[in-house]
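Listed below, chain by chain, are the residues.
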Amino acid sequence: QVQLVEFGGGLVQPGRSLRLFCAASGTIVNIYKMAWYRQAPGKQRELTASITSGGGTDYADSVKGRFTISRDDAKNTVFLQMNSLKPEDTAVYYCNADIMLWGSRSSANYWGQGTQVTVSS
């Protein structure tokens, strides 16, 4: 099976930066698209940023110019660098990935358990 584990969440003041990590483990053959979603209290989960296996990226309008997604395929890890954080960035951030496992005929979609990011003075 596959496990996605996020690290790096916490409490940070507005205007500061935070870096999230998500590491995938298991009998992995290949990881295709990787993404970060977030869910604020009382709101639906939304796509924040995504990155393809070729390195193409996409961002929600609300984070463009402030957040950067990247990946290290050698370590099966995806990162989210968050700069100029705002109180409205407060949410639980979830890692998501399309992963092909040994012995599987197709990829499947997996979620991490989430990490809390709180932006407050």
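Draft legend 1. Layout of the overall build of the protein chain. The number of helices and strands found in the protein chain is zero helices and eleven strands. Counting from the amino terminus, the protein chain carries its helices and strands in the arrangement β-β-β-β-β-β-β-β-β-β-β. Compactness check: the protein chain gives a C-alpha radius of gyration of 14 Å against a globular reference of 14 Å for 121 residues, within 12% of the reference. Expressed along its principal axes, the backbone C-alpha trace of the protein chain runs to roughly 50 × 25 × 25 Å. Counting only residues that meet the buried cut, the protein chain has 40% of its 121 residues in that class. Look at the contacts in the protein chain between residues 6 or more apart in sequence, and 56% of them connect residues 24 or more apart. Counting every atom, the protein chain has about 6500 Å² of accessible surface; 47% of that belongs to carbon and sulfur.

Draft legend 2. The packing of aromatic side chains, seen in detail. All told, the structure shown has three aromatic pairs when counted by the stated rule. Cation over ring: arginine 45 sits above tryptophan 111, and NZ or CZ is 4.7 Å from the ring centre.

Draft legend 3. Highlighting the nonpolar core. Residues Leu4, Trp36, Leu80, Met82, Tyr93 and Ile99 are the most contacted members of the largest nonpolar core, which totals 31 residues. Put simply, the parts of the chain that give this core at least two residues each are β1 (2-7), β3 (18-26), β4 (28-39), β5 (46-51), β7 (67-72), β8 (77-82), β9 (91-101) and β11 (115-119).

Draft legend 4. Representation of the environment of leucine 11 within the structure. With respect to the helices and strands, the residue leucine 11 is situated in strand β2 (residues 10-12). Take leucine 11: its relative accessible area is 66%, and that puts it in the exposed class. For the pair leucine 11 and lysine 64, spaced 53 residues apart in sequence, the C-alpha separation works out to 21 Å. Those residues within four positions of leucine 11 in sequence are excluded, and the remaining contacts are Thr118 and Ser120.

Draft legend 5. The arrangement of the sheet that holds β1 in detail. Pairing is antiparallel in the open sheet, where four strands are placed in the order β1-β3-β8-β7. The strands lining the two open edges of the sheet, one partner per strand, are β1 and β7. In this sheet, neighbouring strand axes are inclined to one another by 15° on average, regardless of whether the strands run parallel or antiparallel. In terms of strand pairing, β7 meets β8 through six bridges, oriented antiparallel. Bridge pairing in β8 links isoleucine 69 to leucine 80.

Draft legend 6. Highlighting the state of the cysteines. Taken as a whole, this structure holds one disulfide when the rule is applied. Note that cysteine 22 is cross-linked by a disulfide to cysteine 95, the S-S spacing being 2.1 Å. Between cysteine 22 and cysteine 95, the S-S dihedral sits near -80°, and the bridge is therefore left-handed. Placement of the pair is cysteine 22 in strand β3 and cysteine 95 in strand β9, with a sequence separation of 73 residues.

Definitions and cut-offs
Residues numbered from 1 in each chain as written. Predicted model: local features only at pLDDT ≥ 70, side-chain atom pairs only at ≥ 80, totals over all residues. Heavy atoms only, no water. Helix = DSSP H or I, 4+ residues; strand = E, 2+ residues; numbered from the N terminus. Rg over C-alpha atoms; globule rule 2.2 N^0.38 Å. Buried < 20%, exposed > 50% of the residue type's maximum accessible area, 1.4 Å probe, protein only. Contact = heavy atoms within 4.5 Å. Areas by Shrake-Rupley, 256 points an atom, 1.4 Å probe, with all protein chains shown as cover. Phe/Tyr/Trp six-rings, centres within 6.5 Å; stacked < 30°, edge-to-face > 60°. Lys NZ or Arg CZ within 6 Å of the ring centre and 35° of its normal. Core = buried A, V, L, I, M, F, W, Y, C linked by side-chain atoms within 4.5 Å. Pairing = 2+ DSSP bridges. Axes fitted to C-alpha atoms, helices over the stretch in contact; angles between N-to-C directions. Disulfide = S-S within 2.5 Å.

Note that every value here comes from positions in space, so none of it alone points to a role or purpose.
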